[in-house]
Structures are given as structure tokens and as C-alpha cells.
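Chains, contacts and geometry: an overview
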Amino acid sequence: MHRESVDLSQFHWLNQPQNTTVTGYSVEFDTLPDTDFWQRTHYGFERANGHAFLTRLWDDFSFSAAADSVYETLFDQSGLLLWVDADNWAKVSLENGPGGGTSGMLGSVVTTHGYSDWATRLWTR
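What counts, and where the lines are drawn
Residues numbered from 1 in each chain as written. Predicted model: local features only at pLDDT ≥ 70, side-chain atom pairs only at ≥ 80, totals over all residues. Heavy atoms only, no water. Salt bridge = Lys/Arg side-chain N within 4 Å of Asp/Glu carboxyl O. Helix = DSSP H or I, 4+ residues; strand = E, 2+ residues; numbered from the N terminus. Buried < 20%, exposed > 50% of the residue type's maximum accessible area, 1.4 Å probe, protein only. Core = buried A, V, L, I, M, F, W, Y, C linked by side-chain atoms within 4.5 Å. Contact = heavy atoms within 4.5 Å. Polar contact = N/O pair within 3.5 Å; in protein donor to acceptor, adjacent residues only side chain to side chain. Phe/Tyr/Trp six-rings, centres within 6.5 Å; stacked < 30°, edge-to-face > 60°. Lys NZ or Arg CZ within 6 Å of the ring centre and 35° of its normal.

Further remarks concern the pattern of salt bridges. Counted under the stated rule, the structure contains two salt bridges. The residue K91 makes a salt bridge to D36 at a minimum N-O spacing of 2.5 Å. Here K91 is found in strand β8 (residues 88–95), whereas its partner D36 is found in the loop between β3 (26–30) and β4 (37–38), with 55 residues between them in sequence. For the pair K91 and D36, one class covers both residues: buried. For R40, the salt bridge is made with D87, and the minimal N-O distance between the two is 3.9 Å. One end of the pair, R40, is in the loop between β4 and β5 (47–48); the other, D87, is in the loop between β7 (77–85) and β8, with 47 residues separating them in the sequence.

Among the nonpolar cores identified, the biggest contains seven residues, and these are F37, W38, A52, L54, L81, W89 and V109. Counting residues per element, the ones that place at least two in this core are β4 and β6 (52–54). The residues contacting F37, other than those within four sequence positions of it, are L14, N15, R47, A48, G50, H51, A52, L81, W83, W89 and K91.

Let us now look at the side chain of H51. Of note, H51 is situated in the loop between β5 and β6. By relative accessible area, H51 is classed as buried at 15%. At 2.6 Å, the side chain of H51 and the backbone oxygen of N15 are in polar contact. Engagement of the side chain of H51 in a polar contact is seen with the backbone nitrogen of L32, the distance being 3.0 Å. Once residues lying within four places of it in the same chain are set aside, the contact partners of H51 are W13, L14, N15, Q16, P17, F29, T31, L32, T35 and F37.

Here the structure, examined in full by the defined rule, presents eight aromatic pairs. Ring geometry for W13 and F53: centres 4.6 Å apart, planes at 40°, overall tilted. Here W13, found in strand β1 (residues 12–14), pairs with F53, found in strand β6; they are 40 residues apart in sequence, far enough to count as distant. Between W83 and W89, the aromatic rings sit 6.5 Å apart at their centres with planes inclined by 15°, giving stacked as the arrangement. Grouping aromatic residues by their ring pairs yields a cluster made of F11, W13, F29 and F53. Against the face of Y115 rests R40, its NZ or CZ located 5.5 Å from the ring centre.

Read these as spatial facts, not as claims about activity.
Okay, here's the thing in C-alpha cells:
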């Protein structure tokens, strides 16, 4: 497998958060409250104001990432987003779920044609 360095200068923000720092191979930022990505769920929840640091990809790719996150409130999360457009995207995240402490939720959301569907599983930190 061929590995290339990531040029973070080629990335751009979708809904830029507060206090962003981009250096070398690192991106740090503070999220704003009540931000997320969801579209037309069965219970009527919609949100398209989450923070994402994006770059354009044209060919097949693989990647790895590491996240160091601080979860302060219920539903705080961090993850990865594959963005096509506002109606088509997928995300995976680790979320501070009900109960807090040393447990949380591993989740995925797939949005196609403007409708989101999700799956979760408990995880232990």
C-alpha cells in the first residue's frame, strides 16, 4: 500500500468552528453547541451545521485517522464525514451517550436523497 502525506492546506471548512488550529498533520478546534449533521429523520430532526474539515478526492483511497476528544455533555461526538453534498453523505462517530462515564455510542449515519438513517452500538472507553 502506498502512503502519502496529507497536505492540510488543501482542506477547507464546512461550518467553521471556533478556535481552529491547523499545524502539520493536526487539526484542533472547539465545537459550537447544538451542531450536527442529520436530514429528514422519521422523528423530524434536521441539522446541517456540524463542523467538517474537507478535501476533494477523485480516485480510490484509504485513510487512517486518530481523534483525541473531550466529551462534556450528552451527545458530544467526534468522527469522520464522507461528504458528497447536502443530501448525500455518511458519518461515523463516537458519542457521549446516555449514562456517560466510561461508556458511549459508536454510531453511523448514512444520508441519501436527503434522508438520514442511523445505527449505534455501545462502546467502552
